[in-house]
Amino acid sequence: MFESLQQSLQLWVQQHLHPQRLRESAIGKWYAGRAANERPVIVGVACLIAFTILWSVVWKPVSDWRDIETNRYENAQALLDWMRANEATARRAARAGASQGATRRSLLPVITRTANGEGITLNRLQPESSGAVSVVIQAQPFNSVLRWLNQMQENNNIVVQRVSLDAEGHPGLVNAQLRLQ
C-alpha cells in the first residue's frame with residue numbers, strides 16, 4: 001500500500017510540478033519576469049506562507065488534540081485511582097443504604113397486606129423520613145384493629161410507636177391514627 005501511494009505521489013508530481021510545465025504556467029511566467037534580487041525574497045515568503053498554512057491546518061490542531069486527550073486521560077486515570085482507593089468505603093455505604101432502604105420500602109407492603117388480611121381499610125398511609133409510617137383508619141372494628149396491630153408486632157417486628165383511638169358513631173367501630181416502625 002505504501003509503495004502504491006508513493007508511486008501515485010510521484011506520478012502527480014511529474015504531471016503537475018514538472019519544471020517545464022511550471023515555467024509555462026502563469027505563476028512561472030510571473031516569477032521569471034521578476035528581477036534576480038527579488039526571486040529569493042519571493043521564495044522565502046512562499047516558504048513562510050506554506051509553513052504557516054501547514055502549521056495552522058495540520059500541526060497545531062493535532063498538537064492541541066494530543067494535549068486535550070492527554071489531559072482527559074490523566075483526569076480519567078486520577079478518577080480511576082480515587083475510585084479504587086474508595087471502593088471499600090463505597091461498597092460499605094451501598095450495603096448500609098440498601099439494607100436501610102429495603103426495610104423502609106418493605107414496611108408499606110407489610111402494613112397493607114396484613115390490614116387486608118384482617119379486613120381493615122386503610123384511609124391514608126404516609127411514609128416519614130425517619131422510616132416510620134403514619135396510618136389513618138376510619139370506621140373500622142375495634143377488635144380487628146387490635147388483632148392487626150398485635151399480628152404486625154409479633155409476626156413482622158413492626159413496632160407501634162403511637163396510637164390514638166377515637167370512638168366512631170356506631171358501637172364497636174373506631175377511628176385510629178397510628179405511627180408504625
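None of the values given here were measured: they were computed from a predicted structure.

## So, the overall build of the protein
Now for step 1: Of the regular secondary structure elements, the protein holds 6 helices and 4 strands.
Now for step 2: Mapped from its N terminus to its C terminus, the protein presents α and β elements in the order α-α-α-α-α-β-β-α-β-β.
Now for step 3: Rg of the C-alpha trace for the protein: 43 Å, well past the compact-globule value of 16 Å for 181 residues, more than 25% over.
Now for step 4: Taking the principal axes of its C-alpha atoms as reference, the protein extends roughly 125 × 40 × 35 Å.
Now for step 5: Put simply, the protein has 181 residues, and 14% of those count as buried.
Now for step 6: Of all intrachain contacts in the protein linking residues separated by at least 6 positions in sequence, the fraction that spans at least 24 positions is 50%.
Now for step 7: When the accessible surface of the protein is split by element, carbon and sulfur atoms take 59% of a total near 13700 Å².
Now for step 8: Of the side-chain charges in the protein, 19 are positive and 14 negative, and the distance between the mean point of each set is 4 Å.

## A word on helix α4 (residues 39-85)
Now for step 1: For α4, built from 47 residues, the straight-helix expectation of 69 Å at 1.5 Å per residue is met to within 8% by its first-to-last C-alpha distance of 66 Å.
Now for step 2: The sharpest bend along α4 comes to roughly 40°, located at W55.

## Brief notes about the layout of surface pockets
Now for step 1: Considering only enclosed or pocket space, the largest pocket measures out at about 200 Å³ in volume.
Now for step 2: Along the walls of the largest pocket sit P19, L22, R23, I27, G28, W30, Y31, A32, I42 and A46, which together make up its complete lining.
Now for step 3: Only α2 (19-24), α3 (26-32) and α4 provide two or more residues apiece to the lining of the largest pocket.
Now for step 4: For the lining of the largest pocket, the per-class residue count stands at 8 nonpolar, 1 polar and 1 charged.

## Re unusual backbone geometry
Now for step 1: Of note in this structure, A139 is not a glycine but carries a positive phi near 55°.
Now for step 2: Mapping A139 onto the fold places it in strand β2 (residues 133-141).
Now for step 3: Here the phi dihedral of N157 falls at roughly 55°; this positive angle occurs in a residue that is not glycine.

## Focus: the pairing of strand β3 (residues 160-167)
Now for step 1: Bridging between β3 and strand β4 (residues 173-180) involves 7 bridges; their strand directions are antiparallel. Counterpart to L165 in the pairing with β4 is A176.
Now for step 2: Linking β3 back to β4 in an antiparallel pair, the connection comprises 5 residues, with G172 at a positive phi of about 85°.

## Thoughts on the environment of L5
Now for step 1: If you trace the backbone, L5 turns up in helix α1 (residues 2-16).
Now for step 2: Classification of L5 as exposed rests on a relative accessible area of 57%.
Now for step 3: Along the sequence, L5 and Q15 sit 10 residues apart, while their C-alpha atoms lie 15 Å from each other.

What counts, and where the lines are drawn
- Sequence order as written defines the numbering, with residues in each chain counted from 1.
- Residue-level local features of this predicted model are given only where pLDDT is at least 70; pairs of side-chain atoms are given and counted only at 80 or more, and the full residue set underlies all totals for whole chains, interfaces and linings.
- Each side-chain value is derived from all of the structure's non-hydrogen atoms; neither hydrogens nor water enter the calculation.
- Numbering of helices and strands starts at the N terminus; helices are DSSP runs of H or I of at least 4 residues and strands are runs of E of at least 2.
- As a reference, a globule follows 2.2 Å times the number of residues to the power 0.38, and the radius of gyration itself is taken over C-alpha atoms.
- Burial classification: accessible surface area is computed with a 1.4 Å probe over protein chains only, and a residue below 20% of its type maximum counts as buried, one above 50% as exposed, and the rest as partly exposed.
- Should any heavy atoms of two residues lie within 4.5 Å, those residues are counted as being in contact.
- Methods summary: accessible areas were calculated by the Shrake-Rupley approach with a probe of 1.4 Å, and residue burial reflects only the protein chains presented.
- For the purpose of counting charges, residues Lys and Arg are taken to be positive, whereas Asp and Glu are taken to be negative. His and the chain ends are not included.
- Here the site of a charge means atom NZ of a Lys, CZ of an Arg, CG of an Asp or CD of a Glu.
- To estimate the expected span of a helix, count its residues, drop one, and scale the result by 1.5 Å.
- For a residue, the bend is simply the angle between two axes, fitted respectively to the seven-residue segment ending there and the seven-residue segment starting there.
- Whether a set of points on the 1 Å grid over the protein atoms alone is a cavity depends on a 1.4 Å probe fitting there but being unable to get out, while an open set qualifies as a pocket with protein on both sides within 12 Å along at least five of seven lines; lining residues are those with an atom within 4 Å of a point.
- Grid points are joined across faces, edges and corners, and a volume is the space filled by probe spheres set on the points.
- Under the grouping applied here, Gly and all other residues not named as nonpolar or charged are polar, the nonpolar ones being Ala, Val, Leu, Ile, Met, Phe, Trp, Tyr, Cys and Pro and the charged ones Asp, Glu, Lys and Arg.
- Strand pairing is defined by DSSP finding a minimum of two bridges between the two strands.

All quantities given are derived from atomic positions and should not be read as evidence of function.
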